[in-house]
Amino acid sequence: MSFATRFAPSPTGYLHRGHAFSALTAFRAAREAGGRFVLRIEDIDATRSRPEYEAAILEDLAWLGLDWEQPVRRQSEHLADYHAAIETLRERGLVYRCFKTRKELDIGRAPHEPAVPYRGAPLPARQEAERLARGEAFAWRLSLDAAERALGGFSNLAFVEEGAGPDGETGLIQARPETAGDIVLARKDVGVAYHLAVVLDDALQGITHVIRGVDLFEAAHIQRLLQALLDLPTPTYRHHGLLVGPDGKRYAKRDKAQTLRELRAAGVTPGALRAEMGV
Ligand code: GLU
């Protein structure tokens, strides 16, 4: 399969330098390999995504000098496909309804302690029916126990890392999906969780190389498991380091890092920005 990579932003804010670095890194890799570059809008979280951010993303990336395949896939237009995949997993007994609230899951945990990965099981049928009848909210969780049984363990789950994880992990990596616990695949407010939509779309769009920031390295472990369960190909991963500012801290949306639009308004040119970032 010929090389294909993607940039997959969530339109929950304006792009900043860190996004520019990631998008340019992927774009350049595609160019060098003579392959495809795909832009995917990951707007499944309707509570946080906004059309004006999406419009700004397209504008900022074009300003940076990128171009991408058309049409752009917008995840919110394909929710039925993601739900169909959850249904398939449900028929195979791989997901279960979890009625626990975040508060219940946190009972006994001191604020400074990390959340313990949750592993649960379906409720007895009668109890579940009662809670459903009462209209209680629930999440669909992926059962690690059921997944382990279905795959005969996780020892065959590996992926190739051409970049590096946070501890320098590189080469053939053994996936450890169990460290995340039984992940939530769908919730009432956010219909589909990010991991499921990503693995389905990467496969559908023929992505051979996932190039993204190292902050998403742990996601690869979970995504590898979903690929195995859904019989999807595993792309090669290339996690890159995060861009740091002059203060040595990484740029992030929540720190109100300077956005590309602010840089543009201040007269910074795409060429100057690329030179500064070395991409
Ligand atoms: N949509 C995700 C984000 O904005 C990135 C997904 C990915 O690259 O796998 O953080």
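Structural data are supplied above this passage.
Residues take numbers from 1 onward in each chain, read along the sequence in its written order. Only residues with pLDDT of at least 70 are given local features in this predicted model, and only at 80 or more are side-chain atom pairs given and counted; all residues enter the totals for whole chains, interfaces and linings. Derived side-chain values reflect all non-hydrogen atoms in the structure, with water molecules and hydrogen atoms excluded from consideration.

Visitor: Help me understand the sheet that holds strand E5 (residues 139–142), please; the structure alone is not making it clear to me.
Guide: Backbone hydrogen bonds hold the strands of a sheet together, and the pairing may be parallel or antiparallel. DSSP bridges decide pairing: two strands pair if at least two such bridges lie between them. Where helices and strands are cited, they refer to DSSP runs of H or I of at least four residues and of E of at least two residues respectively, numbered from the N terminus. A sheet is described by the order of its strands in space; here three strands give the open sequence E4-E5-E8, paired in antiparallel fashion. Strands at the two margins of the open sheet, each flanked by one partner only, are strand E4 (95–98) and strand E8 (184–186). Each strand axis lies, on average, 45° off the axis of its neighbour in the sheet, ignoring direction. Two strands pair when backbone bridges link them, and E4 and E5 are joined in this way by four bridges, in the antiparallel orientation. Bridge pairing links Tyr 96 to Arg 141 in E5. Orientation is described by lines fitted to C-alpha atoms, with helices fitted over the stretch in contact, and by angles between N-to-C directions that extend from 0 to 180 degrees.

Visitor: Mind showing me how you'd approach helix H3 (residues 79–91) here?
Guide: For an α-helix, 3.6 residues make a turn, and residues three or four places apart therefore share a direction. Between the first and last residue of a helix there are one fewer steps than residues, each counted as 1.5 Å, and that sum is the expected span. Here H3 spans 18 Å end to end across 13 residues, near enough to the 18 Å set by a 1.5 Å rise per residue. Along H3, the residues classified as buried are Tyr 82, Ala 85, Ile 86 and Leu 89. Viewed along the axis of H3, the buried residues span an arc of 100°, placing them on a single side of the element. The outward face of H3, more than 90 degrees from its buried face, is lined by the exposed residues Ala 80 and Glu 91. Throughout, a contact is declared for two residues whenever any of their heavy atoms are within 4.5 Å. At its buried positions, H3 is contacted by strand E3 (73–74), E4, E5, E8, helix H7 (194–204) and helix H8 (217–229). Gly 93, located one to two residues past H3, shows a positive phi value of around 70°. Partly exposed residues are those whose accessible area sits between 20% and 50% of the maximum for their type, while under 20% is buried and over 50% is exposed, using a 1.4 Å probe and protein chains only. The directions considered for the arc run from the helix axis to the C-beta atoms.

Visitor: How should I be thinking about the site of the ligand in this particular structure?
Guide: Residues in close proximity to the ligand include Arg 6, Ala 8, Pro 9, Ser 10, Glu 42, Tyr 194, Arg 212 and Leu 216, which together make up its full environment. A distance of 2.7 Å separates a nitrogen atom of the ligand from a polar atom in the backbone of Ala 8. Two N or O atoms form a polar contact when they lie within 3.5 Å of each other; inside protein one atom must be a possible hydrogen donor and the other a possible acceptor, and for residues adjacent in sequence the pair counts only when both atoms belong to side chains. Within the contact set of the ligand, a nitrogen atom lies 3.0 Å away from a side-chain nitrogen or oxygen of Ser 10. Bound to the protein, the ligand loses 79% of the 300 Å² it would expose on its own. When residues are sorted by character, Ala, Val, Leu, Ile, Met, Phe, Trp, Tyr, Cys and Pro go into the nonpolar class, Asp, Glu, Lys and Arg into the charged class, and all the rest, Gly among them, into the polar class. Across the shell around the ligand, the residue classes break down as four nonpolar, one polar and three charged. Summary of the distance rule: residues count as near a molecule or strand when at least one heavy atom falls within 4 Å of that molecule or strand. Accessible surface area values rest on a Shrake-Rupley calculation with a 1.4 Å probe, where residue burial reflects the displayed protein chains alone.

Visitor: Hey, could you run me through empty space enclosed by the protein in this one?
Guide: If you roll a probe as big as a water molecule over the atoms, it shows you where there is empty space left. Using only the protein atoms, space was sampled on a 1 Å grid; points where a 1.4 Å probe fits but cannot get out form cavities, open sets with protein on both sides within 12 Å along at least five of seven lines form pockets, and lining residues are those with an atom within 4 Å of a point. Grid points are joined across faces, edges and corners, and a volume is the space filled by probe spheres set on the points. Per the counting criterion, the structure on display carries one cavity of 30 Å³ or more. For the largest cavity, the calculated volume is near 30 Å³. Leu 142, Leu 144, Pro 177, Ala 180, Gly 181, Ile 183, Ile 222 and Leu 225 together form the lining of the largest cavity. For the lining of the largest cavity, the class distribution of residues is seven nonpolar, one polar and no charged.

Visitor: Explain the pattern of salt bridges to me, please; I cannot follow it from the model alone.
Guide: If charged atoms from side chains of opposite charge come close, those side chains can pair. The term salt bridge refers to a pairing of a side-chain nitrogen on Lys or Arg with a carboxyl oxygen on Asp or Glu at a separation within 4 Å. Summed over all chains, the structure comprises 25 salt bridges. Note that Arg 28 and Glu 32 form a salt bridge whose closest N and O atoms lie 3.7 Å from each other. Linking Arg 28 with Glu 32, this pair stays in helix H1 (residues 17–33), spanning four residues, or about one helical turn. A relative accessible area of 40% places Arg 28 in the partly exposed class. Arg 74 is the partner of Glu 77 in a salt bridge, and the nearest nitrogen-oxygen pair spans 2.5 Å. Among the residues examined, Arg 74 registers a relative accessible area of 30% and is labelled partly exposed. Salt bridges linked by common partners bring Arg 6, Arg 40, Glu 42, Arg 73, Asp 201 and Asp 202 together as one network.

Visitor: Honestly, H8 in this entry has me stumped. Any pointers?
Guide: Burial runs high along H8: eleven of the 13 residues are buried. Restricting attention to buried positions, one finds in H8 the residues Phe 217, Ala 219, Ala 220, His 221, Ile 222, Gln 223, Arg 224, Leu 225, Leu 226, Gln 227 and Leu 229. Just beyond H8, the residue with positive phi is Asp 231, at close to 60°.

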